[in-house]
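# Commentary on secondary and tertiary structure
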Amino acid sequence: MAQAMQRQPISLLSTDGKPHPLQDTLMAVTLTLGAVAFVTAFFHNLHLLSSWAGLLGILTGAYGQFVSVTTRERFALIIGLGASAIGFYLGMFHGGLFGG
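Figured I'd write up the structure that's included with this text. Remember, it's a predicted structure, so these values are computed and weren't measured experimentally.

## Some points on the overall build of the protein chain
If you tally the helices and strands in the protein chain, you get 4 helices and 0 strands. Its helices and strands in sequence order give the protein chain the pattern α-α-α-α, from N to C terminus. Relative to its full complement of 100 residues, the protein chain shows a buried share of 36%. Sequence-distant contacts, at least 24 apart, represent 75% of the contacts inside the protein chain between residues at least 6 apart. As presented, the protein chain carries roughly 6,400 Å² of accessible surface, and 73% of it is formed by carbon and sulfur atoms.

## Let's talk about helix α3 (residues 47–67)
Relative to the 30 Å expected for 21 residues at 1.5 Å per residue, α3 spans 30 Å between its end C-alpha atoms, a close match to the ideal helical length. When we look at burial in α3, the residues that qualify are H47, S50, S51, A53, G54, G57, G61, G64 and V67. Looking at the packing, one finds that the buried side of α3 touches α2 (21–40) and α4 (71–94).

## Some details on α2
Over its 20 residues, α2 runs 28 Å from end to end, which matches the ideal 28 Å to within 8%, given 1.5 Å per residue. Of the positions making up α2, those classed as buried are Q23, L26, M27, T30, L33, G34, A37 and T40. The inward-facing, buried residues of α2 contact α3 and α4.

## What to know about a nonpolar patch on the surface
Residues V36, F38, V39, F42, F43, L46, L49 and I86 make up a contiguous nonpolar surface patch of about 670 Å² in total accessible area. Tallying contributions element by element places α2 first for the nonpolar patch, with 3 residues. Of note, F43 is situated in the loop between α2 and α3.

## Points about the packing of α2 against α3
α3 packs onto α2 with a crossing angle of 155° between their chain directions and a minimal axis gap of 8 Å. When the axis of α2 is compared with that of α3, the two are roughly antiparallel. Read as a crossing pair, α2 and α3 show a hand that is left-handed. Taking contact as the criterion, the partners of L22, Q23, L26, V29, T30, L33, V36, A37 and T40 in α2 are, on α3, L49, S50, A53, G54, L56, G57, T60, G61, Y63, G64 and V67. Along the lines of polarity and charge, the residues of the contact of α2 with α3 split into 11 nonpolar, 9 polar and no charged.

Calculation criteria
Residues numbered from 1 in each chain as written. Predicted model: local features only at pLDDT ≥ 70, side-chain atom pairs only at ≥ 80, totals over all residues. Heavy atoms only, no water. Helix = DSSP H or I, 4+ residues; strand = E, 2+ residues; numbered from the N terminus. Buried < 20%, exposed > 50% of the residue type's maximum accessible area, 1.4 Å probe, protein only. Contact = heavy atoms within 4.5 Å. Areas by Shrake-Rupley, 256 points an atom, 1.4 Å probe, with all protein chains shown as cover. Expected span 1.5 Å × (residues − 1). Patch = residues over 30% accessible without salt bridge, like charges linked within 9 Å, V, L, I, M, F, W, Y side chains within 5 Å. Salt bridge = Lys/Arg side-chain N within 4 Å of Asp/Glu carboxyl O. Axes fitted to C-alpha atoms, helices over the stretch in contact; angles between N-to-C directions. Parallel < 35°, antiparallel > 145°, perpendicular 65-115°, else oblique. Left-handed = near helix turned anticlockwise from the far one by under 90°. Nonpolar A, V, L, I, M, F, W, Y, C, P; charged D, E, K, R; others polar.

Printed below as a string of structure tokens:
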């Protein structure tokens, strides 16, 4: 019964009490790239940045989903993936990956 009284460290990123540095890094990178891709997608002249940031965000988010451990990581990865996908698609619409 002594185990039940031990306090688990409170963390916003892992619910099992173990550190997940790779998953947390992938989550942060995906969220950052998703935010960059989403914001820059609304400017026509920044289509190169939005399409490349979106593509990289989709790739890192997909790998992050593959190796994720907790529900909180998966939730944040889905938010980043969605923003990356919107930025990627709008960037492709405005001119694509190579400025066409």
